[in-house]
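# Structure at a glance
Listed below, chain by chain, are the residues.
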Amino acid sequence: MSLGTTTSYAPPTADVVTRAAGASIGTPGGTALTIAGTNFGPASSSPVWAALGASASAIYGPSPSYNRYNAGTCTVLGHFSIVCTTTVGVGGGLSFLVTIAAQASNPSGTFAYDLPTLASFSPTAPFPTTGGSAVVLSGTNFGPTVASDPTNLVAANYGPPANVDKYSAVGCTVTTAHVAITCTMAAGTGANHEWVID
């Protein structure tokens with residue numbers, strides 16, 4: 001005979017997010033991150049988990065847009081930790097929301113994709129002071145193209161070493177996912193300008 005009432009396990013709580021020593025969180029995704037917390041349930045590899053038919057998933061993003069990205073595979077290590085892989089993305093101040101058996105957690109501590117690095121640009125010939133010249137910046141962790149992620153808006157500035165923000169490039173966009181940005185130079189003067197990506 002049923003009592004007519006129900007009982008529930010406590011929902012998961014998410015806390016600190018860590019990565020393996022030396023691991024990068026590149027914008028192409030695929031980095032395994034460990035989320036510490038409570039009430040994640042038995043390990044995914046355990047017979048109990050298989051018998052329950054339980055599921056584990058996670059979304060992440062900046063507050064309050066926690067659903068910006070869907071994490072890759074999530075594996076419960078035990079009641080106090082879960083490992084989820086990142087997907088293609090950019091930015092910082094990101095928090096996970098973990099869902100175990102249809103119960104969602106609070107936002108976890110924050111983490112960030114690695115900052116972009118600039119390795120080179122082309123062409124390198126002197127440019128007309130009127131501006132309008134297209135340049136390609138090459139490097140890493142530029143994120144996806146706007147076509148695949150409209151939120152990935154990039155900007156670049158350049159100028160002499162003492163004032164690298166003197167000029168703002170125009171119409172910068174990721175043209176090759178993660179490794180190339182194309183910008184149009186502004187009108188300006190001078191030599192030996194350095195580039196920075198925002």
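Details of the structure are given in the entry above.
Being a predicted model, the structure only gives us computed values, none of them experimental.

Quick notes on the rules
- Residues numbered from 1 in each chain as written.
- Predicted model: local features only at pLDDT ≥ 70, side-chain atom pairs only at ≥ 80, totals over all residues.
- Heavy atoms only, no water.
- Helix = DSSP H or I, 4+ residues; strand = E, 2+ residues; numbered from the N terminus.
- Rg over C-alpha atoms; globule rule 2.2 N^0.38 Å.
- Contact = heavy atoms within 4.5 Å.
- Areas by Shrake-Rupley, 256 points an atom, 1.4 Å probe, with all protein chains shown as cover.
- Disulfide = S-S within 2.5 Å.
- Buried < 20%, exposed > 50% of the residue type's maximum accessible area, 1.4 Å probe, protein only.
- Pairing = 2+ DSSP bridges.

Within the protein chain one finds 1 helix and 16 strands. In terms of C-alpha radius of gyration, the protein chain reaches 22 Å, well past the compact-globule figure of 16 Å for 198 residues. By principal-axis analysis of the C-alpha atoms, the protein chain measures approximately 85 × 35 × 25 Å. Across the protein chain, contacts joining residues at least 24 apart in sequence account for 61% of those joining residues at least 6 apart. Total accessible area computed for the protein chain in this model is approximately 10,500 Å², and 59% of it derives from carbon and sulfur atoms.

Turning our eyes to something else, we now look at the state of the cysteines. Counted according to the given criterion, the structure contains 2 disulfides. A sulfur-sulfur distance of 2.2 Å marks the disulfide that ties cysteine 74 to cysteine 84. Across the disulfide from cysteine 74 to cysteine 84, rotation about the S-S bond amounts to roughly 115°, and the bridge is consequently right-handed. Of the two residues, cysteine 74 is situated in strand S5 (residues 74-78) and cysteine 84 in strand S6 (residues 81-85); the sequence distance between them amounts to 10 residues. The buried category is assigned to cysteine 74, whose relative accessible area is 10%. Overall, cysteine 84 belongs to the buried group, its relative accessible area being 0%. Residue pairing for cysteine 172: its cysteine sulfur links by disulfide to cysteine 183, the two sulfurs lying 2.1 Å apart. Taking the torsion about the sulfur-sulfur bond, which here is approximately 120°, the covalent link between cysteine 172 and cysteine 183 counts as right-handed.

What follows covers the sheet that holds strand S16 (residues 194-197). The strand order across the open sheet built from 3 strands is S13-S12-S16, with neighbouring strands paired in antiparallel fashion. Of all the strands in the sheet, just strand S13 (167-168) and S16 have a single pairing partner and so form its edges. Two elements, strand S12 (residues 156-159) and S13, share 2 bridges in a ladder whose sense is antiparallel. Opposite asparagine 157, over in S13, you have serine 168 as the bridge partner.

A separate point is the environment of glycine 143. You can see glycine 143 is positioned in the loop between strand S11 (134-140) and S12. A relative accessible area of 0% places glycine 143 in the buried class. Through-space distance from the C-alpha of glycine 143 to that of threonine 176 is 9.0 Å; in sequence the pair is 33 residues apart. Not counting the four nearest positions on each side in its chain, glycine 143 is found in contact with Thr27, Gly89, Val90, Asn152, Val174, Ala177 and His178.

Note that histidine 178 resides in the loop between strand S14 (170-176) and strand S15 (180-184). Note on histidine 178: relative accessible area 13%, which makes it buried. Non-local contacts of histidine 178, meaning those with residues more than four positions away in its chain, are made with Thr27, Pro28, Val88, Gly139, Thr140, Asn141, Phe142, Gly143 and Pro144.

Before going further, it helps to examine the pairing of S15. Relative to S15, S11 is paired through 5 bridges, and the arrangement is antiparallel. Within S15, the position partnered with valine 135 by the bridge is cysteine 183. Of the pairings in the sheet, the one linking S14 to S15 comprises 4 bridges and is antiparallel in character. Within S15, the residue paired with threonine 173 across the bridge is threonine 182. Following S14, the chain reverses through 3 residues before pairing antiparallel with S15; histidine 178 in that reversal takes a positive phi of roughly 75°.

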